[in-house]
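Close look at the chain arrangement
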Amino acid sequence: MTADWVRQLLTVTDVFILTYFLLINSSYLVLIVLASAEFVHHMRRVPFAGHEETYRSPLTQPVSVLVPAYNESAGIVQSVQAMLALRYPVFEVIVIDDGSTDDTFERLREEFGLVEVPRVVPDATPTRGRIQSVHVPRERPDPLVVVRKQNGGKTDAVNTGINVAQYPLVCMVDADSVLDPQALLSVAKPFTDDPMRTVASGGVIRVANGCTVVAGRIVDVRMPRNWLARVQVVEYLRAFLLGRTGWSRIGGLLIISGAFGIFRRDLLVEVGGLDHDCIGEDAELVVRLHRHLRRQRRDYRIVFVAEPVSWSEAPSSLKVLGKQRRRWHRGITEILGKHRSMILNPRYGRIGLVAMPYYVLFELLAPIIELAGVVLVPLGLYVGAIDGRFALVFIAVAYGYALLLNLIALTVEEYSFHRYHRWTDLIASVLASVLENFGYRQLTAMWRTLGMWAAIKGGKHEWGQMTRTGFQTVLTPEKTPEKSAEKSPEKKTSGRTPAEEAPAEKPAEKPAEPVTAKEDVRVES
């Protein structure tokens, strides 16, 4: 009797899991279709986008680019130089040194000739770390401001940057990101096209592993050699590029990455800046903006722009990837818990009735049901609760359907943007799409479940140590290794080994460190 009851329970559970996988994969397909329609519309507008007119127009709103940095000495100079070279009419770059324990500030001071200036910084958004000093270049005309403050975490650093910013738009960028030259101009264009309604705009994040960087620019796009990173390339295309574009098209975008997003400063001040007590502070900010503006019944737009690109390094080891995914899912859990009153609330329109319920069902609960399927379906087959035909249907729906979605996503990307030009890269992408279903999905489901549990338990937010292996960086043609080393041994312009970097005639001189080793350690207080 008990055995029959267990088999019936397993049968019902397995049917539920099969239905869930069918629904979640079908929802991904809908988002891909919406994104594809948006891409077609975008490609038709490209010849008439008017980027040159936007660049030359005196009505284009100035932007303050916020770059929070902690122990980024290995690449901070190159990153800031790349930010300063962005193509935009009027902007400033604000680097917030969040209590670095290395020589991040010394590198900046030496490169840009920084001097301390008296400056009163308003407390428009709440901060915890005290500002120690504000610096600007002595002679160079670079629109650069460097703020030194006590360590308070990334959220505190960004809020400090919002307070320092003098322009109406603020763009949040990670210190280790590499932006396309037109990125800032493109991601700010919605504010030019619809200045009264646009309140936030996000750009796409792509995986930089395997790419070649020259003078802070991606000059050769290639698939990573590491298979773990290759799988993430496909994942980013499906979830970030296509998924967020689809949500943006229907006005349901909930996430703008803190690695590349632009906001109206007055609204950030209005809602109190980023939340110190939420580890997913970038997504929480977007949800809070939706809540605030919906309550006031204001007409607004939060959009995602697929064309501007910010390149960021993806984890290449399971240890670092696990930390990242636990942190991400803890953030989602905290956000949905904090704003749970919006879920299924007609007051918040499609955000409350469509987007947030979707995130509860197909983002928050997805890893639990994924792991349940891995365990219960084989168990049901073993005890006779399901037959072999059902098991094959489950594999086709859960994994075959997912593989098909990956291939469709790759096709859409290739047709629309064609970032990967080599056949070997395309073949590697297809193979990565297959490999994602064998081990990778199950591991990420486990890590995400642990992140949810950490959010439920509460406790201190810790970013932990995130060691990055760096990009493949080469010297610009006009600078040979010998000349660069003789002129400024401290300057980082090469991705070669220290032994190769040191000039032969000065063996006793301390060689320059390679730019391909950076560590990012943040602690949320």
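Procedures and definitions
Residues numbered from 1 in each chain as written. Predicted model: local features only at pLDDT ≥ 70, side-chain atom pairs only at ≥ 80, totals over all residues. Heavy atoms only, no water. Axes fitted to C-alpha atoms, helices over the stretch in contact; angles between N-to-C directions. Helix = DSSP H or I, 4+ residues; strand = E, 2+ residues; numbered from the N terminus. Parallel < 35°, antiparallel > 145°, perpendicular 65-115°, else oblique. Contact = heavy atoms within 4.5 Å. Nonpolar A, V, L, I, M, F, W, Y, C, P; charged D, E, K, R; others polar. Buried < 20%, exposed > 50% of the residue type's maximum accessible area, 1.4 Å probe, protein only. Pairing = 2+ DSSP bridges. Patch = residues over 30% accessible without salt bridge, like charges linked within 9 Å, V, L, I, M, F, W, Y side chains within 5 Å. Areas by Shrake-Rupley, 256 points an atom, 1.4 Å probe, with all protein chains shown as cover. Salt bridge = Lys/Arg side-chain N within 4 Å of Asp/Glu carboxyl O. Phe/Tyr/Trp six-rings, centres within 6.5 Å; stacked < 30°, edge-to-face > 60°.

Bringing the packing of helix H8 (residues 227–249) against helix H15 (residues 423–457) into the picture now. Helix-helix packing: each pair is described by the crossing angle between the helix axes and the interaxial distance. It is the contact of H8 with H15, at a shortest axis distance of 8 Å, that shows an interaxial angle of 100°. Judged by the angle between their axes, H8 and H15 are roughly perpendicular. Across from Trp227, Leu228, Arg230, Val231, Gln232, Val234, Glu235 and Arg238 in H8, the residues of H15 making contact are Ala428, Ser429, Leu431, Ala432, Ser433, Leu435, Glu436 and Tyr440. In the contact of H8 with H15, the residues fall into 9 nonpolar, 3 polar and 4 charged.

Judged by how many residues are buried, strand E5 (residues 144–149) sits mostly within the fold: 5 of 6 residues are covered. The sheet contact formed by strand E2 (residues 91–98) and E5 spans 6 bridges and is parallel. Within E5, the position partnered with aspartate 98 by the bridge is lysine 149. Here strand E4 (residues 131–137) runs beside E5; their pairing, made up of 4 bridges, is antiparallel. Residue pairing for E5: serine 133 is matched across the bridge by arginine 148. A loop of 6 residues connects E4 with E5, the two strands running antiparallel in sequence.

On the surface, Trp227, Trp423, Ile427, Leu431 and Leu435 cluster together to form a nonpolar patch covering roughly 560 Å² of accessible area. The dominant element in the nonpolar patch, judged by the number of residues it contributes, is H15, at 4 residues. Tracing the backbone shows tryptophan 227 in helix H8. We classify tryptophan 227 as partly exposed; its relative accessible area is 36%.

Attention now goes to unusual backbone geometry. With a phi angle near 55°, asparagine 71 is a residue other than glycine that sits in the positive phi range. Tracing the backbone through its elements, the reader meets asparagine 71 in the loop between strand E1 (63–69) and helix H3 (76–84). The backbone phi angle of histidine 418 is positive, close to 50°, even though this residue is not glycine. A relative accessible area of 33% means that histidine 418 is categorised as partly exposed.

For the rest of this paragraph, the subject is the packing of aromatic side chains. Throughout the structure, instances matching the rule amount to 11 aromatic pairs. Measuring from ring centre to ring centre gives 5.1 Å for tryptophan 247 and tyrosine 358, while their planes differ by 70°; the resulting arrangement is edge-to-face. Of this pair, tryptophan 247 sits in helix H8 while tyrosine 358 sits in helix H12 (residues 349–364), placing them 111 residues apart in sequence. One exposure class covers both tryptophan 247 and tyrosine 358, and it is buried. Ring geometry for tyrosine 358 and phenylalanine 362: centres 5.1 Å apart, planes at 70°, overall edge-to-face. Here tyrosine 358 and its partner phenylalanine 362 are both found in helix H12, 4 residues apart, which amounts to about one turn of the helix.

Note that all results are geometric; they support no functional claim without further evidence.
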